[in-house]
Amino acid sequence: MSEPRTLTLDAPGATVAYDIRDPEGGSTEPPLLMIGLPMDASGFTTLAGHFSDRTVVTYDPRGTGRSKRSAGGVLTPDQHADDVRRVISALGDEPVDIFGSSGGALTALALVARHPDQVRTLVAHEPPTAQVLPDREEGLAATAGIHEVYERDGFGPGMAKFIALTSLKGPIPSEFAEQPAPDPAAFGLPAEDDGSRDDMLLANMVGTTHYELDFAALQAAPTRVVIGVGAESEGEMAHRAALEVAKRLGTEAVIFPSHHGGFLGPESGYAGQPEAFAAKLREVLAGG
């Protein structure tokens, strides 16, 4: 695989950076986009290396990494999907394959609902929408509560409460939103508030987790949509949400190795099983 080429494109209120890794000998396969949220392109470095036989495209969502935004406000999967639409259009006229992780899975599902002609196969791994949970009201309140803690107390307390939610196994207690945030120091997080409110995860918590998917459009799309879950994340909110999304699409979720970020390499500090994950992804993309 060649060294990545970095390009930028202009979108309303943002400049979006994306990378193209071309295979040395060329490929007849469509480009494979790997997208996350709020994770930027750097999180896919290891996974991309396992697909050296085809063109791999990664990007930084607006407001993260190298992609700058000039407009404020809460970002939604629809806005991110429009940015991805522009990236795909810049690549050419043919549909692409997409692997979407976490918030990136929601972005990709929003894209397929609105522009199905651009995507041949989508593998959406653990989209964290609280809207489909059996404990929907508790999930919506919990994620809104995390945002409130962040706005009131800053990054450390907000992230500590986020970790408490994402590590929770099973239904979300009705009192979760009102419970005080865990001690940030227990997670190596700062307790003091530096006054900043620009963390892309916490600032856009509601815009992501409260997003309602258009299931009718997804079912009508010619795109092959596969929902993935992590073998080690059973019971966690994103895993449970993915199972419900698959059920509403009339499909079975596919189990991938490791956890929510199972494709991550050791450089991430949250390593999964990237080689096994890549093998499963290759199998799924091939129709297995």
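Residues numbered from 1 in each chain as written. Predicted model: local features only at pLDDT ≥ 70, side-chain atom pairs only at ≥ 80, totals over all residues. Heavy atoms only, no water.

1. Things to note about the overall build of the chain
Next, step 1: Tallying secondary structure elements over the chain gives ten helices and nine strands in all.
Next, step 2: C-alpha extents for the chain along the principal axes are approximately 55 × 40 × 35 Å.
Next, step 3: Sequence separation of at least 24 residues holds for 72% of the intrachain contacts in the chain that already meet a minimum separation of 6.
Next, step 4: When the accessible surface of the chain is summed, it comes to about 12000 Å², and 51% of that surface belongs to carbon and sulfur atoms.
Next, step 5: Each charge class in the chain was averaged separately, 22 positive and 41 negative side chains, and the resulting centres sit 3 Å apart. (Helix = DSSP H or I, 4+ residues; strand = E, 2+ residues; numbered from the N terminus. Contact = heavy atoms within 4.5 Å. Areas by Shrake-Rupley, 256 points an atom, 1.4 Å probe, with all protein chains shown as cover. Lys, Arg positive; Asp, Glu negative; His and termini not counted. Charge placed at Lys NZ, Arg CZ, Asp CG, Glu CD.)

2. A word on the packing of helix H4 (residues 136-153) against helix H5 (residues 155-166)
Next, step 1: Where H4 meets H5, the closest approach of the two axes is 7 Å, and the angle between their N-to-C directions is 160°. What the angle tells us is that H4 and H5 run roughly antiparallel. Crossing of H4 against H5: the hand is right-handed. Here H4 contributes Ala 142, Thr 143, Gly 145, Ile 146, Val 149, Tyr 150 and Asp 153 to the contact with H5, which in turn contributes Phe 155, Pro 157, Gly 158, Lys 161, Phe 162 and Leu 165.
Next, step 2: Residue composition of the contact of H4 with H5, by class: eight nonpolar, three polar and two charged. (Axes fitted to C-alpha atoms, helices over the stretch in contact; angles between N-to-C directions. Parallel < 35°, antiparallel > 145°, perpendicular 65-115°, else oblique. Left-handed = near helix turned anticlockwise from the far one by under 90°. Nonpolar A, V, L, I, M, F, W, Y, C, P; charged D, E, K, R; others polar.)

3. A word on the nonpolar core
Next, step 1: Of all hydrophobic cores here, the largest spans 56 residues; its most connected members are Leu 33, Ile 98, Leu 109, Leu 122, Leu 202, Leu 213 and Ile 227.
Next, step 2: Sort the elements by how many residues they give to this core and helix H3 (residues 103-114) lands first, with seven residues.
Next, step 3: With residues up to four places along the chain from it excluded, the contact list for Leu 213 reads Leu 106, Leu 109, Thr 129, Leu 218 and Val 245.
Next, step 4: Core analysis: the second largest hydrophobic core is formed by 19 residues, Val 123, Val 226, Leu 281 and Val 284 among them. (Core = buried A, V, L, I, M, F, W, Y, C linked by side-chain atoms within 4.5 Å. Buried < 20%, exposed > 50% of the residue type's maximum accessible area, 1.4 Å probe, protein only.)

4. With respect to the environment of Arg 85
Next, step 1: Examined against the element boundaries, Arg 85 turns out to sit in helix H2 (residues 77-91).
Next, step 2: With a relative accessible area of 21%, Arg 85 lands in the partly exposed category.
Next, step 3: C-alpha of Arg 85 to C-alpha of Leu 111: the two residues are 26 residues apart in sequence and 7.1 Å apart in space.
Next, step 4: Sequence-distant contacts of Arg 85, defined by excluding residues within four places in its chain, comprise Leu 111, His 115 and Gln 118.
Next, step 5: In terms of polar contacts, Arg 85 uses its side chain to reach the side chain of Asp 82, at 2.9 Å. (Polar contact = N/O pair within 3.5 Å; in protein donor to acceptor, adjacent residues only side chain to side chain.)

5. Some thoughts on the pattern of salt bridges
Next, step 1: Tallied over the full model, the rule gives 18 salt bridges.
Next, step 2: The residue Arg 240 makes a salt bridge to Asp 135 at a minimum N-O spacing of 2.9 Å. Here Asp 135 lies in the loop between strand S7 (119-125) and H4 and Arg 240 lies in helix H9 (residues 237-249), a separation of 105 residues in the sequence. No difference in accessibility class separates Arg 240 from Asp 135, as the two residues are buried.
Next, step 3: A salt bridge links Arg 152 to Asp 153; its shortest N-O distance comes to 3.0 Å. (Salt bridge = Lys/Arg side-chain N within 4 Å of Asp/Glu carboxyl O.)

So far we have only geometry, and geometry alone does not tell us how the molecule works.
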